[in-house]
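Below are the chains, spelled out letter by letter.
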Amino acid sequence: MSTKLPSRTGKAPGAWPLLGHAWQLHSRPLEFLSSLPAHGDLVRIGMGPWPAYVVCEPEAAHRMLTDSRTFDKGGPFFDKARVLFGSSLPMAGWREHRWQRRQMQPAFQSDRIERYAVVMGEEVDRMTSRWQPGLRVDVTDALTTLTLRIVTRSVLGAEAQDEAVAEVQQSLHTVIDGIYQRVMLPLGPLYRLPTPANRRYRRACVRLHRAIDGIIAARRAAPGGDDLVSMLLAATNDDTGAPMTDTDIRDQLMVMIGAGFETTANSLAFALWLLSRHPDVESRVHDEVDRTLAGRTATTADLDGLTHTRRVINEVLRLYPAGWFFTRVTTTDTTLAGHQLPKGTALLYSAYLLQHRPELFPDPERFDPDRWAARPAETLPRGAHVPFGGGNRKCIGDQFALIEMTLALATVCARWRLVPDPGSTMTVRVRGTLGPGPLTMTCRPRGKASEG
Ligand code: HEM
């Protein structure tokens, strides 16, 4: 079925002088983005003083994502982030990106993910075995610790010293919060003042760098492993033949860990909240995990039996895609959705916007995992469901994340029901990632004796 609409371009209403739509983007970003398709397939907004086009039509989003040479990484927010993240994989321009991605991709092949899945199982066991009947936990916080431990242990390798991994885990939160603030609120010299927050940020950066540098040095001294650190040590630039410096490797590792924990933790927290609000969906997950796992820890061998759990994850990623907006910039004059764009045009795509289009996802605000049974992702128009982006810049950790979330959700649901306080609500928090914010829920053990 073709759902392609006639191509239209338009302008978002309500721009303020100098600020453009910065206020709308800041104060009610999701409502603002969802309102844009009414104005066209490609809608011009002002990101502060900079104009940018929001791509509202799936086929145009697909074209932009798959032609990464014409639509390269870039745009106003992005350029600020690049100062802080160097030219690591998500930041690299297309030419650099090509060789980096080729050399790092093997770390995400299925045999490696099998290994990471063992770590995933150990860490989920660790978390669920600490819970007690009646214990109230902030599930977002607990899941953030879980996914940070999983991604740090997976990315830094089994040989990394426990203390170094713990140091990375401790400092990373402060560093990521500081970076987010510096990108979204560029106050320049004010960040050099010796305020407690600035000092905390700088101290955390030093500790984080020292811990990762220690891991790199240890691996240099004992080469020959086959994990991501070893791949980065062996990587060379296609054009120059030069190896990565230790600073490049450190940036890659930091960005990989940074991209890989809050995204999955937030998605899992949304999933537990949504299950608690949809008892019919929850009871089908319970039936499925009882049948498949009977209380034991989920492994990759169980994935085929976890169809409904996977649909729940898919629907969470549609409803609340953790990566909710990204930018690109044109490297040459081109056309998109029938509109001419000069070189240097900033573009923005949002999985949230595309995945809430009612003609593709009827009743888009409804949490309905069964929509994926009625209409599997492969039958949707290209560019319609893009929680992990697309083309050769698609999330390198997509399979890692999908397996981690499915195994974690299944194991948690096999053992515990997480019950929110009566009358409590969830407010979507829009920052670098979409998340549910703190979510206090009470642990109720599952199993025949405790069900009721
Ligand atoms: C629910 C979990 C996740 C979501 C929703 C997500 C989403 C995304 C999206 C949308 C992109 C593309 C950005 C763009 O088009 O500019 C991306 C890229 C990326 N993600 Fe993820 N991600 C998740 C988990 C992970 C994990 C677990 C890792 C690593 C272990 C990871 C590492 C990366 C990296 C390195 C890139 C840049 C890829 C490149 O440019 O080649 N992500 N992610």
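Note that the structure is predicted; figures quoted are calculated from it, not measured. Here, residues in each chain are numbered from 1, in the same order as that chain's written sequence. With pLDDT at 70 or above as the cut-off, local features in this predicted model cover only qualifying residues; side-chain atom pairs require 80 or more to be listed or tallied, and sums for whole chains, interfaces and linings still use all residues. Side-chain metrics in this entry use all non-hydrogen atoms of the structure; hydrogen atoms and water are not considered.

## Considering unusual backbone geometry
- Of note, Ala294 is a non-glycine position whose phi angle comes to about 50 degrees, a positive value.
- Under the scheme used here, helices are H or I runs from DSSP no shorter than 4 residues and strands are E runs no shorter than 2 residues, and both carry numbers assigned from the N terminus. Mapping Ala294 onto the fold places it in the loop between helix H12 (279-293) and helix H13 (307-319).
- Of note in the backbone geometry, Ala337 takes a positive phi value of approximately 50 degrees without being a glycine.
- In this structure, Ala337 sits in the loop between strand E7 (334-336) and strand E8 (339-341).
- Buried residues are those whose accessible area, probed at 1.4 Å on protein chains only, stays under 20% of the maximum for their type, while exposed residues exceed 50% and partly exposed ones sit between those limits. Its relative accessible area of 19% is what places Ala337 among the buried residues.

## Considering the packing of aromatic side chains
- Classification of ring pairs uses Phe, Tyr and Trp, with its six-membered ring standing for Trp, and accepts pairs whose centres are within 6.5 Å; under 30 degrees between planes counts as stacked, over 60 as edge-to-face, and the remaining range as tilted. Under the definition given, this model contains seven aromatic pairs.
- Between Trp131 and Trp416, the ring centres sit 6.3 Å apart and the planes meet at 70 degrees, which makes this aromatic pair edge-to-face. Here Trp416 lies in strand E10 (residues 416-420) and Trp131 lies in the loop between helix H6 (110-130) and strand E5 (136-138), a separation of 285 residues in the sequence. Both residues of the pair, Trp131 and Trp416, belong to the buried class.
- Ring geometry for Phe361 and Trp372: centres 6.2 Å apart, planes at 50 degrees, overall tilted. You can see Phe361 sitting in the loop between helix H14 (351-354) and helix H15 (371-374) and its partner Trp372 sitting in helix H15, a full eleven residues away along the chain.
- Classification of Phe361 by relative accessible area gives buried; the value is 2%.
- Among the aromatic side chains, those forming a connected cluster through ring pairs are Phe108, Tyr116 and Phe400.

## Quick look at the coordination of the iron atom of the ligand
- Excluding water, the donors of a metal are its N, O and S neighbours within 2.8 Å, or within 3.2 Å for Na, K and Ca, and that exclusion means sites may look incomplete. You will see that the iron atom of the ligand has only one donor from the protein, Cys395 (SG), lying 2.3 Å away.
- Topologically, Cys395 is positioned in the loop between H15 and helix H16 (398-415).

## A short note on the sheet that holds strand E13 (residues 440-445)
- Pairing is antiparallel across the open sheet formed by three strands, whose spatial order is E5-E13-E10. This sheet does not close on itself; its edge strands, each paired only once, are E5 and E10. Taking each pair of neighbouring strands and ignoring which way they run, the sheet shows an average axis angle of 40 degrees.
- Where E5 and E13 come together, three bridges link them in antiparallel fashion. Within E13, the position partnered with Arg136 by the bridge is Thr442.
- Throughout, a contact is declared for two residues whenever any of their heavy atoms are within 4.5 Å. Here, axes are lines fitted to C-alpha atoms. For helices the fit covers the stretch in contact, and angles between N-to-C directions go from 0 to 180 degrees. Sitting on the sheet, helix H7 (residues 139-156) is in contact with E5, E10 and E13, with an inclination near 60 degrees to E5. The pairing criterion is simple: DSSP has to find at least two bridges between the two strands.

## What about H12?
- Helix span, as expected, comes to 1.5 Å for every residue beyond the first. With 15 residues, H12 extends 20 Å between its outermost C-alpha atoms, agreeing within 8% with the 21 Å of an ideal straight helix rising 1.5 Å per residue.
- Residues of H12 that are buried include every one of Val281, Glu282, Val285, His286, Glu288, Val289 and Leu293, and no others.
- Those residues of H12 that are buried are in contact with helix H11 (246-277), H13, H16 and E10.
- After H12 finishes, the residue Ala294 shows a positive phi value of roughly 50 degrees.

## Describing the pairing of strand E2 (residues 42-47)
- Most of E2 is tucked away, with five of its six residues classed as buried.
- Counting the residues in the hairpin turn of E2 and strand E3 (residues 50-55) gives two residues, including Gly48, whose phi is positive at 65 degrees.

## Quick notes on the layout of surface pockets
- Only protein atoms enter the 1 Å grid used here, on which a cavity is any set of points holding a 1.4 Å probe that cannot leave and a pocket is any open set flanked by protein within 12 Å on both sides along at least five of seven lines; residues with an atom within 4 Å of a point are listed as lining. Grid points are joined across faces, edges and corners, and a volume is the space filled by probe spheres set on the points. Its volume calculated, the second largest pocket comes out at about 820 Å³.
- Asn314, Ala377, Glu378, His385 and Leu402 are the residues nearest the centre of the second largest pocket, which is lined by 33 residues in total.
- Counting only elements with at least two residues in the lining of the second largest pocket, the list comes to helix H3 (58-66), H13 and H16.
- Ranked by residue count, the leading element in the lining of the second largest pocket is H13, at six residues.
- Under the scheme applied here, ten amino acids are nonpolar (Ala, Val, Leu, Ile, Met, Phe, Trp, Tyr, Cys and Pro), four are charged (Asp, Glu, Lys and Arg), and all others, including Gly, are polar. Looking at the lining of the second largest pocket, its residues break down into 15 nonpolar, eleven polar and seven charged.

## Describing the site of the ligand
- By convention in these notes, a residue is near a molecule or strand provided one of its non-hydrogen atoms lies within 4 Å of it. For the ligand, the set of nearby residues contains 27 residues, the closest of which are His97, Arg101, Arg328, Tyr349 and Cys395.
- Note that an oxygen atom of the ligand is positioned 2.9 Å from one of the side-chain N or O atoms of Lys73.
- At the level of secondary structure, the elements contributing two or more residues to the shell around the ligand comprise helix H5 (94-104), H11, strand E6 (326-330) and H16.
- In the shell around the ligand, the residues fall into 16 nonpolar, seven polar and four charged. Pairing of N or O atoms within 3.5 Å defines a polar contact, subject to two protein rules: one partner must be a possible hydrogen donor and the other a possible acceptor, and residues neighboring in sequence count only if both atoms are side-chain atoms.

## With respect to the packing of H12 against H13
- As a packed pair, H12 and H13 sit with axes 8 Å apart at the nearest point and diverge in direction by 140 degrees. As summarised for this structure, H12 and H13 are arranged oblique, according to the angle between their axes. On the side of H12, the interface is formed by Val281, Arg284, Val285, Glu288 and Val289, while H13 contributes Thr307, His308, Thr309 and Val312.
- The residue inventory of the contact of H12 with H13, partitioned by class, reads four nonpolar, three polar and two charged. Under this scheme an angle from 65 to 115 degrees is roughly perpendicular, one under 35 degrees roughly parallel, and one over 145 degrees roughly antiparallel; angles in between are oblique.

## Here's the deal with the confidence of the model for the chain
- A score between 0 and 100, pLDDT records how confident the predictor is in each residue. The share of residues in the chain with pLDDT of 70 or more is 95%, and the mean pLDDT across the chain is 91.
- Every residue in residues 1-5 scores below 50 in pLDDT, and together they form eight contacts with partners more than four places removed in sequence or on other chains.
- Predicted confidence for residues 448-452 stays below pLDDT 50, and this span has four contacts to residues more than four positions away or in other chains.

## Some words on the packing of H11 against H16
- Between H11 and H16, whose axes approach to 10 Å, the crossing angle comes to 40 degrees. Relative to H16, the element H11 is oriented oblique. The way H11 lies across H16 gives a crossing that is right-handed. Counting all contacts with H11, which are made through Thr264, Ser267, Leu268, Ala271, Leu272 and Leu275, the residues of H16 involved are Ala401, Glu404, Met405, Ala408, Leu409, Val412 and Cys413.
- Its residues assigned to classes, the contact of H11 with H16 comprises ten nonpolar, two polar and one charged. A clockwise turn of the near helix away from the far one marks a right-handed crossing, whereas an anticlockwise turn of less than a right angle marks a left-handed crossing.

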